[in-house]
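# Survey of secondary and tertiary structure
Residue-level listing of the chains:
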Amino acid sequence: MVWNGVQHASGPPLVGRHAERDAIARLLGAVLDGLSGALVLTGEPGIGKTRLLEYAADRAAELRVVRLTAVESETGLGYGALHRLLRPFLNRTGRLPGPQRAALDAALGLVSAPPADRYLVGLATLTLLSEAAADQPLLFLLDDAQWLDRESAEALAFTARRLHADSLGLIIAVRDGLGAGGLFDALNVHSVTGLPEPEAKVLLSAVPRRVDEDVAERIVAGSGGNPLALLELADALTSEQLSGIAPLPDPLPVSRLLEGHFLRLVRALPPETATLLLLLVAAPSDDTAMMWRAAGRLGLSARAVQPAVAAGILDRDIPTAFRHPLIRSTVYAGAAPGERRRVHAALAAACDAVRDTDRRAWHRAEAAEGLDGRVADDLEAASERARSRGGYSQQALFLSRAAEFTGEPDKRAERLLDAARAHLMAGDAPAARTALDLAGADIHGPVMRTRELRMRATAQMFQIVVADVPAMLMDAVTRLGPQDPRLTWELLCEALHAAMVAHDRTRGTSLTEVATAAVAARHAPDSTVGGRDLLMEGLARRVAEGYEHGAPVLRTALDGLRSGGRIGDANSPFAVMLSMACDDLWDVQAGRELTDRLATADRDAGALYALSMTLLVEARYELWAGRFTEAEVRYAEFDDIAADTGFPGGGDINRLHLFALTGREAELRAAARRTAEMRGIGHGLLQLLAQHALTLFELGQGRYRQAGKHARAVFEEDPPACGNLVLPLLIEAGVRTGDRAGVGEALARLEERAPLAGTPWALGTLALGRALTADGDDAEKSYQESVELLGQGPLALEQARSRLLFGEWLRRCKRRSNARKQLRAAYESFDAFGAVPYAERARIELLATGETARRRTEETRFDLTPRERQVASMAASGLTNGEIATRLFVTASTVEFHLNKVFRKLGVTSRKQIPHAIGEPGPATEH
């Protein structure tokens with residue numbers, strides 16, 4: 001269309017938009033300075049997003065600009081948009097790390113390989129683009145992002161969130177509330193709204209016909225300042241209406257008027273031109289050769305585009321490009337169904353039988369009517385190819401379409417169940433439930449019903465709604481019967497996992513019932529024995545039969561896993577169950593060793609969800625070791641991953657123990673309130689962990705009665721996650737408040753269990769419990785034994801607590817000199833950890849012995865952000881920038897950026913100085 005004598009391919013001339021221009025200028029400046037960033041422009045159709053992308057391209061003369069416009073017809077082609085975007089850089093994939101290269105090659109269908117993990121694909125995209133930007137700064141302009149296939153959108157969102165110091169910019173234009181656009185909500189989002197009245201009137205003044213002042217005001221108000229609506233309304237209304245002689249529609253139906261206006265333009269064209277427009281909409285935008293082959297089959301010539309160019313529907317410079325996306329959608333929606341099928345049939349015939357098999361199957365489906373077994377089979381075959389690339393959303397779409405063409409009820413149900421599973425693999429639980437609902441009436445037989453229940457349970461777990469999951473899985477076990485013992489065991493393990501998370505908040509069954517069923521199933525002759533299976537059996541026996549029956553099995557399981565048993569599984573976050581077992585046995589050494597292995601396996605596989613669970617467990621172990629800064633690093637990385645994966649379990653609720661130990665009372669109590677709110681959806685264990693954290697906090701404050709109340713709640717429920725860890729806390733609170741009965745119960749349980757566990761942590765805790773309840777030489781001997789045993793593992797926090805209690809006892813015995821030694825050591829430890837309540841408690845006790853404790857100066861290493869601390873720690877261990885980048889899912893240039901800040905903050909000039917500056921050992925050396 002022509003405005004003010006100037007042809008504009010994508011929309012109205014750019015008027016105003018000063019805030020958007022400034023945001024674009026800042027982004028371009030950052031990219032030129034070696035930094036990176038992403039900007040998301042959202043708004044309704046015609047608001048000017050595409051014009052802003054053109055503005056950015058015009059001002060990026062020093063950058064290499066790569067543009068991509070997503071199209072609705074390709075929304076179902078997994079990784080299709082990403083392939084188009086990366087095509088200029090695929091000659092560089094040989095420089096990617098092996099796992100990343102393999103994942104990207106598989107995703108793009110370049111090699112035949114197992115399904116690619118979508119987060120490894122995202123990391124490969126990030127690495128590839130960062131490497132290309134090292135030659136020349138890059139600017140990517142992505143238009144109509146709402147039509148991206150989900151896999152491409154996830155990869156690009158992953159990349160955008162990790163842009164930091166890579167000379168790379170990304171500007172995304174997305175229509176409000178549609179498609180995959182929501183994946184970009186966590187980025188820097190700028191809502192593009194209507195023009196203010198003065199600027200809107202300036203734009204209206206560019207139209208060739210005179211517009212009355214009052215009419216202009218009504219058009220501006222009725223269009224909301226939408227630039228495209230302003231100009232198209234001015235073109236669609238009659239001269240009499242524009243001049244104020246004839247009335248305007250009231251109210252102005254902007255959307256309907258625009259669509260009607262575009263549809264009238266199309267219907268005024270010759271039939272062959274209208275058909276060609278429909279073909280352009282339905283064909284892949286980057287394969288004009290295929291489009292023209294299909295045009296030939298329809299008897300259309302290249303001359304058919306000319307009337308559309310003359311009418312301003314197609315771009316004059318690129319005659320196969322629509323002037324505005326809204327015209328494209330209007331063309332397809334306004335076409336007769338028979339005409340759409342005819343065009344899709346031509347496209348199916350024009351597809352290359354080898355290279356475009358999936359597109360051919362899709363177009364055949366769009367051209368078909370009614371049930372068609374051959375079309376359904378082709379779609380199912382295409383779904384398998386999508387699965388092999390890791391394109392689970394595309395797999396689900398193909399299977400759902402295949403089901404629509406399937407006549408046999410059983411086969412239709414099977415295809416919908418497979419579609420539901422693919423949706424779950426893509427992380428789309430609502431879509432999975434929709435597929436299951438569609439399959440419902442056709443599901444027959446125990447195996448199919450078992451599959452349905454298992455997937456419904458998985459969808460619930462994905463959205464952290466746990467209460468009904470154990471009963472659903474137990475129902476699946478009942479329906480399956482004895483025909484598949486291995487599947488029965490897997491279902492029971494999943495039910496046990498959910499029931500232990502729900503604890504006392506299950507509905508329709510109980511934790512004890514699930515555990516009893518799991519124990520019974522382990523007697524089945526066909527069941528196999530492995531470290532993971534034994535661990536689940538041990539937890540089941542612990543719940544169903546008691547600690548004395550569960551602990552030996554758990555010990556055997558942990559020993560097997562430590563001796564090389566299989567531990568990593570990207571589809572199963574094993575760290576949660578593992579941590580329960582290790583905490584129940586007071587085995588911090590096994591816990592740290594196995595979670596380190598899990599973290600490595602998760603990182604190598606790009607299994608971000610599983611890694612996120614492992615990070616939370618690692619954070620707990622860092623707290624027990626007194627490394628609070630390292631714990632915060634793990635929590636921060638968990639939050640990053642939660643944002644990437646859409647997992648709803650992020651935030652402060654995971655930092656309960658960190659808040660308790662650092663004395664952040666307001667944050668602790670707010671997080672504890674959230675755990676209480678989550679009981680309704682089945683998170684009973686989480687509230688017990690909150691009670692354990694509150695116990696630690698109240699003891700640090702010296703509020704023993706409140707501490708005893710919280711500890712008692714945990715003691716009575718006795719969860720493996722913290723049931724044993726609360727015992728010394730309950731004894732301490734009970735001794736201070738005179739609760740002899742409570743102390744006796746807790747000590748009796750400790751006397752029974754600690755010898756069965758047999759670890760230094762268990763025996764050191766037992767010695768502490770005995771010391772708290774003894775007098776004279778017996779107490780002193782037990783305190784000394786506790787301090788010594790707790791010093792044998794990474795349990796600096798527990799050892800410092802034991803020293804504090806020992807010192808307090810010595811002071812009460814009026815042995816001030818001996819007390820000072822223990823209290824000073826405890827104070828220095830707590831102060832170094834950042835355990836503010838306990839440091840203050842130790843300081844007050846020291847004052848009572850006549851010694852003044854001086855608060856140490858905060859060290860510069862604590863000025864590091866969590867990410868800087870993590871990079872510094874990895875660099876101190878001897879990892880290269882590339883190795884750090886791979887582990888953290890960022891680029892090497894981002895690692896270098898963080899290291900430069902680390903050097904400056906720590907006042908060091910080389911990597912060799914980092915270990916000393918942050919108080920960590922240097923790289924391990926071979927002897």
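What you see is a predicted model; the values in this text were computed from it and never measured. (Residues numbered from 1 in each chain as written. Predicted model: local features only at pLDDT ≥ 70, side-chain atom pairs only at ≥ 80, totals over all residues. Heavy atoms only, no water.)

Turning our eyes to something else, we now look at the overall build of the chain. Within the chain, the regular secondary structure consists of 46 helices and seven strands. A compact globule built from 927 residues should have a C-alpha radius of gyration of about 30 Å, and the chain, at 33 Å, falls within 12% of that. The principal-axis extent of the C-alpha atoms belonging to the chain is close to 105 × 65 × 60 Å. Within the chain, the proportion of its 927 residues that are buried is 57%. Within the chain, contacts between residues separated by at least 24 positions form 70% of all contacts whose residues are at least 6 apart in sequence. (Helix = DSSP H or I, 4+ residues; strand = E, 2+ residues; numbered from the N terminus. Rg over C-alpha atoms; globule rule 2.2 N^0.38 Å. Buried < 20%, exposed > 50% of the residue type's maximum accessible area, 1.4 Å probe, protein only. Contact = heavy atoms within 4.5 Å.)

Where charged atoms of side chains with opposite charge meet at close range, the side chains can pair. Enumeration over the complete set of coordinates arrives at 74 salt bridges. For Glu751, the salt bridge identified is with Arg770, shortest N-O distance 2.7 Å. Here the residue Glu751 occupies a position in helix H37 (residues 740-757), and Arg770 occupies one in helix H38 (residues 760-773), the gap between them amounting to 19 residues. If you follow the salt bridges from partner to partner, you end up with Arg592, Glu618, Glu622, Arg627, Glu630, Arg634 and Arg869 in one network. (Salt bridge = Lys/Arg side-chain N within 4 Å of Asp/Glu carboxyl O.)

As a further point, take unusual backbone geometry. Despite not being glycine, Tyr79 shows a phi value in the positive range, around 65°. One non-glycine residue, His503, lies in positive phi territory at about 55°.

Remark on secondary structure: sheet strands pair via backbone hydrogen bonds, oriented parallel or antiparallel. Spatially, S4-S5-S6-S3-S7 is the arrangement adopted by the five strands of the open sheet, whose pairing is parallel. Every other strand in the sheet has two partners, leaving strand S4 (64-69) and strand S7 (189-191) as the edge strands with one partner each. Averaged over all neighbouring strand pairs, the angle between strand axes comes to 15°, with direction disregarded. (Pairing = 2+ DSSP bridges. Axes fitted to C-alpha atoms, helices over the stretch in contact; angles between N-to-C directions.)

Glancing now at the environment of Phe462. Among the structural elements, Phe462 can be located in helix H22 (residues 446-462). When near neighbours in sequence (up to four residues on either side) are disregarded, Phe462 contacts Gly427, Ala429, Thr645, Phe647 and Pro648.

Below, the discussion takes up the pairing of strand S5 (residues 138-143). For S5, the tally of buried residues reaches six of six residues, placing the bulk of the element in the interior. On S5, burial covers both faces: Leu138, Phe140 and Leu142 on one face and Leu139, Leu141 and Asp143 on the other are all buried. Pairing of S4 with S5, which is carried by six bridges, proceeds in the parallel orientation. From the neighbouring strand, Val65 faces S5, where its bridge partner is Leu139. Sheet topology note: the S5/strand S6 (residues 168-175) ladder contains five bridges and is parallel. Looking at S6, one finds that Leu139 is bridged to Gly169. Regarding topology, helix H6 (residues 150-161) serves as the crossover connection from S5 to the parallel S6, and that connection is right-handed. (Right-handed = clockwise from strand over helix to strand, strands pointing away.)

Turning to the side chain of Glu452, a few remarks are in order. Among the secondary structure elements, Glu452 is positioned in helix H22. Residue classification places Glu452 among the buried residues on the basis of a relative accessible area of 7%. Aside from chain neighbours lying at most four places away, what touches Glu452 is Leu417, Leu436 and Ile443.

The subject of this paragraph is helix H45 (residues 892-906). Look at H45: 21 Å from first C-alpha to last across 15 residues, which is about the 21 Å you get at 1.5 Å a residue. Of the residues making up H45, those classed as buried are Thr894, Val895, His898, Leu899, Val902, Phe903 and Leu906. Check the buried side of H45 and you find it contacts helix H43 (866-876), helix H44 (881-888) and helix H46 (914-918). One or two steps after H45, the chain reaches Gly907, where phi turns positive at roughly 70°. (Expected span 1.5 Å × (residues − 1).)

For the coordinates displayed, the defined rule picks out ten aromatic pairs. Chaining the aromatic ring pairs together yields one cluster made of Phe628, Phe830, Phe833 and Tyr838. Note that Arg401 overlies the ring of Trp362, its terminal NZ or CZ placed 5.6 Å from the centroid. Here the basic side chain of Arg749 rests over the ring of Phe715, its NZ or CZ set 3.7 Å away from the ring centre. (Phe/Tyr/Trp six-rings, centres within 6.5 Å; stacked < 30°, edge-to-face > 60°. Lys NZ or Arg CZ within 6 Å of the ring centre and 35° of its normal.)

The next subject is the side chain of Thr891. With respect to the helices, strands and loops of the structure, Thr891 is situated in the loop between H44 and H45. Judged by relative accessible area, which is 3%, Thr891 ranks as buried. Among the polar contacts listed, one links the side chain of Thr891 to the side chain of Asp166, at a separation of 2.3 Å. Of note is the side chain of Thr891, whose polar atom sits 3.1 Å from the side chain of Ser893. (Polar contact = N/O pair within 3.5 Å; in protein donor to acceptor, adjacent residues only side chain to side chain.)

Okay, the environment of Glu199 next. Along the chain, Glu199 falls in helix H7 (residues 197-204). Glu199 sits 33 residues away from Glu232 along the chain, and the two C-alpha atoms are 16 Å apart.

A few words now on the nonpolar core. Counting residues in hydrophobic clusters, the biggest one holds 128 residues, and the most contacted among them are Leu496, Leu535, Leu539, Leu578, Trp586 and Phe830. Among the elements that take part in this core, helix H24 (residues 485-502) stands out by supplying twelve residues, more than any other. Once you skip the residues sitting within four places of it in the chain, Phe830 turns out to touch Leu797, Ala800, Arg801, Leu804, Ala835, Tyr838, Ala839 and Ala842. Counting 54 residues, the second largest nonpolar core, distinct from the first, contains Leu86, Leu90, Ala124 and Leu611. (Core = buried A, V, L, I, M, F, W, Y, C linked by side-chain atoms within 4.5 Å.)

All right, on to the packing of H24 against helix H26 (residues 531-544) then. Contact geometry for H24 and H26: axes closest at 11 Å, N-to-C directions at 55°. On the basis of the axis angle, H24 is oblique to H26. Note on packing geometry: the crossing formed by H24 with H26 is left-handed. For the pair H24 and H26, contact is made by Arg486, Trp489, Cys493, Leu496, His497 and Met500 and by Asp533, Met536, Glu537, Leu539, Ala540 and Val543, respectively. Residues that form the contact of H24 with H26 fall into these classes: eight nonpolar, one polar and three charged. (Parallel < 35°, antiparallel > 145°, perpendicular 65-115°, else oblique. Left-handed = near helix turned anticlockwise from the far one by under 90°. Nonpolar A, V, L, I, M, F, W, Y, C, P; charged D, E, K, R; others polar.)

A low pLDDT means the predicted coordinates there should not be read in detail. Averaged over every residue, the pLDDT of the chain is 88; the share at 70 or more is 94%. Across residues 1-10, where pLDDT falls below 50, the model places 26 contacts with residues more than four positions away in sequence or in other chains. Note on residues 857-862: pLDDT under 50 across the span, and nine contacts to partners over four residues away in sequence or across chains. (pLDDT = per-residue confidence, 0-100.)

Moving on to the environment of Ala457. Positionally, Ala457 belongs in helix H22. Separated by 13 residues in sequence, Ala457 and Pro470 have C-alpha atoms that sit 8.0 Å apart. Setting aside residues no more than four positions away along its own chain, Ala457 makes contact with Val469, Met472 and Leu473.

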